Amino acid sequence: MKKNDSNIKKAIKYLNNNDCIAIPTETVYGLAGNAYSDKAVSRIYKLKKRPKNNPLIVHYYSLNDLKKDCKIENTFDKLFKKFCPGPISFVLRLKKTSKISKIITNNSNSIAVRFPSHPLTRKLLNKINYPLAAPSANISTSISPVSKQDVVDEFGPKLKFILDGGSSKVGIESTIINLIGKPHILRLGGINSKLIYKLINSLENKSKKIIKIKVPGTSKLHYSPGIPVRLNAKKNFLNEAFILIKKRRNLNKNYFYLSKTNNLKEAAKNLYKIFRVIKKKGYKKIAIEKIPNINIGEAINDRILRASKK
Ligand code: AMP
Ligand code: MG
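All values reported here derive from a predicted model rather than from experimental measurement.

Rules and cut-offs
- Residues numbered from 1 in each chain as written.
- Chains lettered and ligands numbered in written order.
- Predicted model: local features only at pLDDT ≥ 70, side-chain atom pairs only at ≥ 80, totals over all residues.
- Heavy atoms only, no water.
- Helix = DSSP H or I, 4+ residues; strand = E, 2+ residues; numbered from the N terminus.
- Expected span 1.5 Å × (residues − 1).
- Bend = angle between axes of the 7 residues up to and from the residue.
- Buried < 20%, exposed > 50% of the residue type's maximum accessible area, 1.4 Å probe, protein only.
- Contact = heavy atoms within 4.5 Å.
- Polar contact = N/O pair within 3.5 Å; in protein donor to acceptor, adjacent residues only side chain to side chain.
- Salt bridge = Lys/Arg side-chain N within 4 Å of Asp/Glu carboxyl O.
- Disulfide = S-S within 2.5 Å.

Trainee: How should I be thinking about helix H9 (residues 264-280) in this particular structure?
Mentor: Every α-helix winds through 3.6 residues per turn, so residues three or four apart in the chain are directed the same way. The terminal C-alpha atoms of H9 lie 24 Å apart, and with 17 residues this matches the ideal 24 Å at 1.5 Å per residue to within 8%. Remark: the principal bend of H9, roughly 40°, maps to asparagine 270. Leu264, Ala267, Ala268, Asn270, Leu271, Tyr272, Ile274, Phe275, Arg276 and Ile278 are the residues of H9 that are buried. Buried positions along H9 lie against helix H7 (148-155), strand E11 (241-246), strand E12 (255-259), strand E13 (286-288) and helix H10 (297-308). N-capping of H9 is provided by asparagine 263, with a side-chain oxygen placed 2.8 Å from the backbone N of lysine 265. Immediately beyond the C-terminal end of H9, within one or two residues, lies glycine 282, with a positive phi of roughly 90°.

Trainee: Which parts of the structure should I look at to understand the pattern of salt bridges?
Mentor: Between side chains of opposite charge, pairing is possible as soon as their charged atoms come close. Taken as a whole, this structure holds 14 salt bridges when the rule is applied. A salt bridge links aspartate 153 to lysine 280, with the nearest nitrogen and oxygen atoms 2.7 Å apart. Placement of aspartate 153 in helix H7 and of lysine 280 in helix H9 is noted, with a sequence separation of 127 residues between them. Classification of lysine 280 by relative accessible area gives exposed; the value is 60%. A salt bridge links arginine 230 to glutamate 240; the nearest nitrogen and oxygen atoms lie 2.9 Å apart. Taken together, the positions of arginine 230 in strand E10 (residues 229-230) and glutamate 240 in the loop between E10 and E11 put the pair ten residues apart, joining distant regions of the chain. Judged by its relative accessible area of 28%, arginine 230 falls in the partly exposed class. Put simply, Glu173, Asp302, Arg303 and Arg306 are held in one network by salt bridges that share partners.

Trainee: Would you explain the state of the cysteines in this entry?
Mentor: Covalently bonding the sulfur atom of one cysteine to the sulfur atom of another cysteine gives a disulfide. This model, assessed by the stated rule, comprises zero disulfides. Note on cysteine 70: no disulfide assigned, nearest cysteine sulfur contributed by cysteine 84 at a separation of 13 Å. Overall, the relative accessible area of 14% leaves cysteine 84 in the buried class.

Written out as structure tokens, the structure reads:
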């Protein structure tokens, strides 16, 4: 406990100095900096090698904090009450008076925001008087980190501080929903899309138009383990790592299990971790068994489909 408090103090020191640090969230680790500071935000882009046209998600502690920067859309309250803090991000309109660095949004007047639930990061957010811009703490296009060690593997000594919060519980990025115009999901993620649509359908203004926003995170090459990935595999070829949804009795050194019991939540939590283990072991190819496309399985399938694109 004491250790956590002193680490939070250290984290705040770096952040107040416009440095970026890694923070734990329930989805994946984030590379965080003061969202009101151009200097801090530029450092995030530089370290991640992220293209400037790919906007960052901004992390808030409370609704009151959010209201300083964003306009609240109709459907927001209900989604907020049901899912926040948690693995869901909202695209909202920025207020003219907002202090958010223009670099974050690439000068657009919309912004993606979220309320992470990890207790350490909530504690940190509560102690600072600015929100944190925090994309996933990985080099652009590679897979997101789900532990302190993963972040070390990504950035090495270039990153000055990592707030260690153990391994990420969800293990896959947030669901992003655009609430400008007719609400629609831009990226599948930690919260199942059907749950979200069920909740907002009753509120949704049917006459509203879908406002199209291009999301680089949904572009072809993303979440890539850096080696070829083959989907819906029934068996693996020689020297191919084989990712299976549940543990099998016939042990094989090339087999990697996403879950002990066919549990999709556990599978999501383990996906990126297993990608990294396979790469570290030196495999040059990955085959993945068919994953059921239900609940968080839809987000797993979204990520492995992108990982399989060349
Ligand atoms: P990452 O932070 O790396 O997990 O990726 C965040 C995703 O959120 C990226 O795909 C961004 O393109 C998307 N995003 C961030 N800000 C916005 C925005 N203002 N409008 C639409 N998508 C956004
Ligand atoms: Mg990312």
